[in-house]
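If you want the building blocks of each chain, they are given just below.
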Amino acid sequence: MSQAILKQIVNQLEMLEILELQELERVIWKYLADKQQATQQYIVQKSANKKQLFREWDDISDEEAALLKAEFATEDLAFAEVALSDYLPRLQQQDKI
């Protein structure tokens, strides 16, 4: 089916006049250029956002950093306690097997 569609497109292109082909080529190149520009703008914006996050992190005070470390340490400890709460009983159960 795709070969039939491609053949149809080629046949229609053959019927186009030179000026129409030139216009079609211009439109295609404009589309590709616009697409490339949009992609580059997206990359630049993404990079700027990442740099902003790093600046914000670098700008926090030592006191704020210490508070964040303490908060994460507390959360990590709580998570580890929950995860390991039944570890010893499971080891003992495996020893029985």
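All of these numbers come straight from a predicted model, not from anything done at the bench. Starting afresh in each chain, residues are numbered from 1 along the sequence in its written order. Where totals are concerned, whole chains, interfaces and linings use all residues; where local detail is concerned, this predicted model gives features only for residues with pLDDT of at least 70, and gives and counts side-chain atom pairs only at 80 or more. Note: side-chain values were computed over all heavy atoms of the structure, leaving out hydrogens and water.

A.B. asks: Explain the overall build of the protein to me, using residue names and the numbers behind them.
C.D. replies: When its secondary structure is counted, the protein shows four helices and zero strands. If you list the helices and strands of the protein from N to C, you get α-α-α-α. Between the two quantities, the radius of gyration covers C-alpha atoms and the globule rule is 2.2 Å times the number of residues to the power 0.38. Computed over its C-alpha atoms, the radius of gyration of the protein comes to 31 Å, more than 25% above the 13 Å expected for a compact globule of 97 residues. Each principal axis of the C-alpha atoms in the protein carries an extent, and together these give about 80 × 50 × 10 Å. Each residue's exposure class comes from its accessible area (1.4 Å probe, protein chains only) as a fraction of the maximum for that residue type: buried when under 20%, exposed when over 50%, partly exposed otherwise. Burial statistics for the protein: of 97 residues in total, 0% are counted as buried. Using the Shrake-Rupley algorithm and a 1.4 Å probe, accessible areas are obtained, with residue cover drawn only from the displayed protein chains. Accessible area of the protein: about 9,600 Å², with a carbon and sulfur share of 61%. Counted charges follow a simple rule, with Lys and Arg positive, Asp and Glu negative, and His plus the chain ends left uncounted. The atom standing in for a charge is NZ when the residue is Lys, CZ when it is Arg, CG when it is Asp and CD when it is Glu. Distance from the positive charge centre (11 side chains) to the negative charge centre (18 side chains) of the protein: 6 Å. The numbering of helices and of strands both runs from the N terminus, where a helix is a DSSP run of H or I of at least 4 residues and a strand a run of E of at least 2.

A.B. asks: Would you mind going over the pattern of salt bridges in detail, with residue names and values included?
C.D. replies: By convention in these notes, a salt bridge is any Lys or Arg side-chain nitrogen within 4 Å of a carboxyl oxygen on Asp or Glu. The tally for this structure, following the rule as stated, stands at three salt bridges. Between K30 and D34 there is a salt bridge, and its shortest N-O distance comes to 2.9 Å. Linking K30 with D34, this pair stays in helix α2 (residues 18-59), spanning four residues, or about one helical turn. When its relative accessible area of 45% is taken as the criterion, K30 is described as partly exposed. In this structure D34 comes out as partly exposed when scored by relative accessible area, which is 37%. With a shortest N-O distance of 3.6 Å, R90 and D86 are connected by a salt bridge.

A.B. asks: Can you tell me about a nonpolar patch on the surface, naming the residues and giving the values?
C.D. replies: Patches here: salt-bridge-free residues with over 30% relative accessible area, like charges joined within 9 Å, nonpolar side chains (Val, Leu, Ile, Met, Phe, Trp, Tyr) joined within 5 Å. Taken together, the side chains of I5, I9, L13, I18, L21, L24, I28, W29, Y31 and L32 present a nonpolar region at the surface, about 940 Å² in accessible area. Here the element with the most residues in the nonpolar patch is α2; it accounts for seven residues. With respect to the helices and strands, the residue L21 is situated in helix α2. Among the residues examined, L21 registers a relative accessible area of 33% and is labelled partly exposed.

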